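Residue-level listing of the chains:
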Amino acid sequence: MAKKSKGIQHPGYEKAPMDRRDFLRRAALVGGIGGAASYLAMAPENWPLSMRDKTGLLSKPVHLPFQLRSFQVEKKAGSADIGVGTEGNPIEKLRRAIDAIGGIEHFIKPGDIVLVKPNVAFDRSPLLGATSNPELLEHLIRMLLVDCRAQEVRVADNPIESPPDCFEKSKIRLATEVGGGRVYLPDSNSFEMLNTPGAKLIENWWFFNRPFTNVDKVIGLAPVKDHNLCHASMGMKNWYGLLGGRRNQFHQDIHGIVSDLSIMIKPTFTIIDGTNVLMENGPTGGDPSNVRKGETVLAGTDPVALDAYAFEHLLQRGRDYPEYLFQAEAKGSGKLDWEGRVKEIRG
Amino acid sequence: MPPQERVFNNRARKVFRSRISNGELYFSAGFLVFVFIMGGWFAAQGTNYDPTERDISMALMESGSVEDNLYRTPLKLWVDPEQTATAAPGAAPAANLGIFPPDIVGNGWTPSSRMQEFDASNLYEKINGQAPQYVDFGFNRLHYISLEKKDAGLDLSIEFYDMATLPNAMGIFGAQRDVERPLEQTGDAYYYLTDLGALGIAGPFYFKISGNAVDPGIIEKSKELAESFGILASSGNVDVPKAFAVLSKALKVPFETIIYEKIDVFQFSFAKDFWFGKPDVAGDLRYYLHQVTDTEDQARLYADLVSNFEADHDAIKNDGGVAVLKHQFLSSFQALSADRGWIFGADGAPDAETAESALSALKGALFNGQEI
Amino acid sequence: MAETEKKASAPIEVRQKLRITNVRIVSQVFFFGVFLFSVWATWTTRLGGYPVSRILEMDPLVMISTMLSTGYVYRHLGWGILIIAVTLLFGRVFCNWICPYGTLHQFVGWVFNTRKPKERIESNAYKNLYILKYAILTVFLLMAFMGALQIGLLDPICLMYRTFATVVAPAVDMGLDTATLTANGLSLEPKWLQDIKFGPGVGPRIFVGSFWVGLMIFALVGANVILPRFFCRVLCPLGALLGVLSRFSVFRINRDVHKCTDCNLCLTRCEGAADPQSQVRVSECFSCMNCIDDCPEDALSFTAFGLDKKQVVAAPDMSRRKLVFAGIAGLMAYPMVKNHGVNTDENFSPALIRPPGSVEESNFLAKCIKCDQCIKSCPTNVLQPATYDVAGLEGLWTPVMNFEIGHCQLKCTMCSEVCPTGAIRKITVEEKMGKGKFAETGPIRLGTAFFDKGRCLPHAMEIPCVVCEEVCPVSPKAIQTKDVEIKDVYGNVVVLNQPFIVPDLCIGCGICETECPVKDDRAVYVTAVGESRSTERRLLLKHRVQA
């Protein structure tokens, strides 16, 4: 920090004049960079490499939607659309119900990757009827892995309450791991934009897609629950658990969203778990007195008819069907009239 | 240029001391073992807990189960302000009962839902799978309401199908009827009782009453309802064909034998809209009658009928607008006539006299004793 | 001597490897690992029986200060005696052998230490500034004695847990999520991801005001570059407490004055700035043993024997005058903090909703050490470090429930399980739900839900909704509906289920508020009034107050 005196040149001062070549080189550099920068910034939007965004809309983030394929398989000749199992323990009921719609080997081929969607919406003990029966799930996974030689079974849901806790308290995680499957929990990366043509509310919506990677077959495992707003939460409403985003808005048109769900996903088949039917105070339940011990397990390939049958026989609410079933029928997801399409295997 | 600036410490650890004592060595070895044991202890704690503290047992939930004794306000229905205006001041606004007679409520019974109406385009919302059947029979409109009697814990729903015409109603009734159960009549209503309610017709209306329990109260109410529907049907506000009234009221023909044929009556393409009825269920004698419409010529129609009948009948008598014919193979007799806009007759009679007396009974009933 | 050693045991390489400074590093790595494991295991699916708060419970400052503020020693806090005993034997070994915060400071200080040897010696010389920690300790203990527990602000263990819960864990998870998303594209996440994340299976976790928590640790750790072990030497109240205790310690660094050549090399890596080159300041010495390694003359040893009283300074360099000043500051601080009046029974924020099992508020403030273990354990992210406006100066960074972010799960008692001091008393699900032997007291109520009918869709806008009723977890539901049929403004007859609260049944879990679609200022919201832990903040006369 030598003190500088006025008018006296610093002893270390050295003159370094620029020669012509140097000047030209620098001028070319400035011109080149400046020109390129001006092109990128100012060229019309449709020119190649132009970065211009005249309206400010181009820079809007884009979520490219994907479409979900149908997971349905062709109906086996001679089998019913709805299978009912009422005899034996829950596991036998499950097997009978599936056998009535064609048997599980008909639906799942060796080497398939199967995703099972139980309802794990709340951190409740399974006996309270708010979540799927873990015993059925465990056995279903065994059937898939052993009988059908499926390659992999995944279990996924996006619950309302904390996902790890819900899977833990509802014993679904334990059942999955004992059975040989793997639980996929939703985290911030799990959701992608799903395009469902024809849907009224969720034409483009966040969908819990990560576990669906390379999946061949999808099975719903839904409990039957009372629901104040849409009257009943059954097989179709179960798919609500695959939505992400601000899904609590959908209660403003609950029948619209539930019927949209029926076209959003076309499962291979759906199992309705009537072992613990939540008759009132749904869909959370919370008291054993709300639960009716059911004797029935249903399986079906027609989601509309299956829900209608469950509404009538498991919730025991007669034929005053919730409106979403009619809407789903109108959207072509199935036929509501289940009569003559039900088969029960006994003995 | 300044010397290269360092970011990280580049000096290795060095030991300057020359002596490491046994005590230090033993302590070090001992300490490492101690650390290992601590680690093991910590890891072992993972399973050392009481899982019941993290959840509540079902037994406890069941014993602590609370009764849901909340009062839940029933659904408050929307009421048209115009109706409220006409109601007596201070009185509770009457529920809109639509087509239903007002006496369906009262005596403890109150509407538990709003009256709903469905037409052919949305009928499936109410009854889904069966809707096409109704539409095939000429369905016009469904009026639906449910009633409840709170103190008795009863409720029932009324499906009141406006089938546009009585024949349509009879058609759907015939298709859905349980023939095992006895038919009852009140006014212009014909119905039978089921365990949970009633099914029947009243004029052009086909009604289904279904209750929530096998209970005498439901049956009682079903009867009352059928009665008021019968009054509704005969009140003149609704259209009951005269031919049906003649058969069922004047001639007391049992309801089950009354049949309406719309086209191709007697397999004649020109004969349309005939009513049939048998005075005796077991017998063969059968009345038939037809009201001549504006587009038809009474004399011409009568002549066509008689001449076509003669293809397999022998005419015994044919004069003055009355013809008596005998079937060539069945040996049964029929008589027919045309008068004042009506074509009427009786067939299946065992002899000519019976046929003629049936004809005159029919005529008497038709014209109510005038000119006999 | 050398002969016997050679005969007795291991060769010099083994001795070098097993020297005490290496073992110290093993110990530090071990305890840092235990700390990291504890933070990782503080999660609903992992907790099991791991004593994840044990490092906090061993902290003698936590034990002593809560003992002063409440008169009792809660649950596992007696473990603090272990560290006191160790200190009485070996001095402040906690600081350089166990304390994970000390390890972090030492590590950062070591990694970024580019000082030349001479500067190193200078940076480790004792400074008068280092007595500040004793003043801080005096102030905190006096305040605790009067009932205001503030040690959590600077206690290194609390600070460490708090920072990891609210800053490090979410940052690590965010990084892992971003990295695995980029690496795997749109395919399945790798299996190990759920195993290593701090909060697996949930969306991004946010913590209100955690920036300041992060800034604090960033500044304190960063200060090592300027002054080695700045926090430990200058601010740490726990270090101060252990310093006071260590004057009685049996073992300490001893300097053989006959061998010492006054080369000052022992200061090169002296962590505590304890003057090993002259009279060792026992209260400052962290027992890091670096000086022993650095002494070319073998003049330094860690031993109980041959104590030369003249060669050590046992007590902190805290004059009576300074002590009195610190005492006055502590005495003044108590009424100033208390009368600040943001969090009293007369004036408390409606957002001051404490987790289930919390004791009555003044007692809570006498127990909570702001370690935020509860916040780490909370599976729904509802527990948040309280900001100044909600809990006042006194309650800064204590846990409060923010129902905009999450809700209190009916059958979760995780926070009460990990709380080391009993600010959140250990409860069972049975007690939380008021079943079994707790039936008479009823469930634990956190607050009461209210409706803002001017914002509620069915009440104000003729639009069906009732998400709140759907999710209400109690049976029978505390949110019921009045069903009305109305003709809306477009002439359509719509059925509206208009929700209302049954305050008798409401437990204040806040799921209605969390799920309410009126996203910014919820149409149903829970406020603190009605909480069952306090008569002062009770709403309904008939509700019992928790034990």
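Residues numbered from 1 in each chain as written. Chains lettered and ligands numbered in written order. Predicted model: local features only at pLDDT ≥ 70, side-chain atom pairs only at ≥ 80, totals over all residues. Heavy atoms only, no water.

**Focus: the interface of chain B and chain C**
Note the cut-off: Throughout, a contact is declared for two residues whenever any of their heavy atoms are within 4.5 Å. Summed over both partners, the accessible area (1.4 Å probe) lost when two parts come together is defined as the buried area. Take a side-chain nitrogen of Lys or Arg and a carboxyl oxygen of Asp or Glu: if they are within 4 Å of each other, that pair is a salt bridge. Residues adjacent in sequence count toward polar contacts only when both atoms are side-chain atoms; beyond that, a polar contact is any pair of N or O atoms within 3.5 Å, and within protein one must be able to donate a hydrogen and the other to accept it. Helix and strand assignments come from DSSP, with helices taken as H or I runs of at least 4 residues and strands as E runs of at least 2, each series counted from the N terminus. Classification used: nonpolar for Ala, Val, Leu, Ile, Met, Phe, Trp, Tyr, Cys and Pro, charged for Asp, Glu, Lys and Arg, polar for all others including Gly.
Tallying the contact residues gives 49 residues for chain B and 69 residues for chain C. Regarding the contact of chain B and chain C, the summed buried area is about 5400 Å², with carbon and sulfur atoms giving 62% of it. Contact with chain C buries area across many residues of chain B, yet Arg 13, Phe 42 and Arg 54 of chain B alone supply 14% of it, more than any other trio. A salt bridge links Glu 53 of chain B to Lys 426 of chain C, with the nearest nitrogen and oxygen atoms 2.8 Å apart. For the interface between chain B and chain C, the tally reads 23 residue pairs in polar contact (both at pLDDT 80 or more). Listed by contribution, the elements that provide at least two residues to the side of chain B that touches chain C are helix 1 (22-44) and helix 2 (58-63) of chain B. Residue contributions to the side of chain B that touches chain C peak at 13 residues, all from helix 1 of chain B. A breakdown of the residues in the side of chain B that touches chain C according to their chemical character gives 24 nonpolar, 11 polar and 14 charged.

**Quick look at the sheet that holds strand 12 (residues 313-319) of chain B**
Residues and elements named next belong to chain B. What counts, and what does not: Two strands pair under a simple rule: DSSP has to find at least two bridges between them. Each axis is a line fitted through C-alpha atoms, taken for helices only over the stretch in contact, and angles between the N-to-C directions span 0 to 180 degrees.
Strands sit in the order 9-10-11-15-14-13-12 across an open sheet of 7 strands; the sheet is antiparallel. Bordering the open sheet on either side are strand 9 (259-261) and strand 12, each of which pairs with just one other strand. Mean inter-strand twist for the sheet, computed between neighbouring axes without regard to direction, equals 20 degrees. In terms of strand pairing, strand 14 (residues 333-339) meets strand 15 (residues 342-349) through 6 bridges, oriented antiparallel. Paired with Phe 333 across the strands is Ala 349, a residue of strand 15. Against the sheet, helix 9 (residues 298-309) engages strand 10 (274-277), strand 11 (286-291), strand 12, strand 13 (322-327), strand 14 and strand 15, with an angle of about 165 degrees to strand 14.

**Considering the packing of helix 8 (residues 303-313) of chain A against helix 9 (residues 323-330) of chain A**
Residue and element names in this part refer to chain A. What counts here: Each angle receives one of four descriptions, namely roughly parallel if under 35 degrees, roughly antiparallel if over 145, roughly perpendicular if within 65 to 115, and oblique otherwise. If you view the pair so one helix is near and one far, a crossing is left-handed when the near helix is turned anticlockwise from the far one by less than a right angle, and right-handed when it is turned clockwise.
At a minimum axis separation of 10 Å, helix 8 and helix 9 run at an interaxial angle of 160 degrees. In this view, helix 8 runs roughly antiparallel relative to helix 9, as classed from their interaxial angle. Considering the relative orientation of helix 8 and helix 9, their crossing is left-handed. Counted together, Val 304, Asp 307 and Ala 308 of helix 8 and Tyr 324, Leu 325, Ala 328 and Glu 329 of helix 9 form the full contact between these two elements.

**Here we look at the nonpolar core**
Just so we agree on the cut-off: Among the buried residues, those of types Ala, Val, Leu, Ile, Met, Phe, Trp, Tyr and Cys that are joined through side-chain atoms within 4.5 Å form a nonpolar core. Three labels apply to residues, based on accessible area from a 1.4 Å probe with only protein chains included: buried if under 20% of the type maximum, exposed if over 50%, partly exposed otherwise in between.
Residues Tyr 101 and Ile 253 of chain C are the most contacted members of the largest nonpolar core, which totals 89 residues. In terms of residues, this core owes the most to one element, helix 3 (residues 20-41) of chain C, which gives 8 residues. Counting 58 residues, the second-largest nonpolar core is a separate cluster that includes Phe 71, Val 84, Val 224 and Val 258 of chain A.

**Concerning the packing of helix 8 (residues 100-111) of chain C against helix 13 (residues 210-222) of chain C**
All names here are of chain C. At a minimum axis separation of 9 Å, helix 8 and helix 13 run at an interaxial angle of 55 degrees. The angle between the axes of helix 8 and helix 13 places the two elements in the oblique class. Across the interface between the two elements, Tyr 101, Leu 104, His 105 and Val 108 from helix 8 touch Ile 217, Leu 220 and Val 221 from helix 13.

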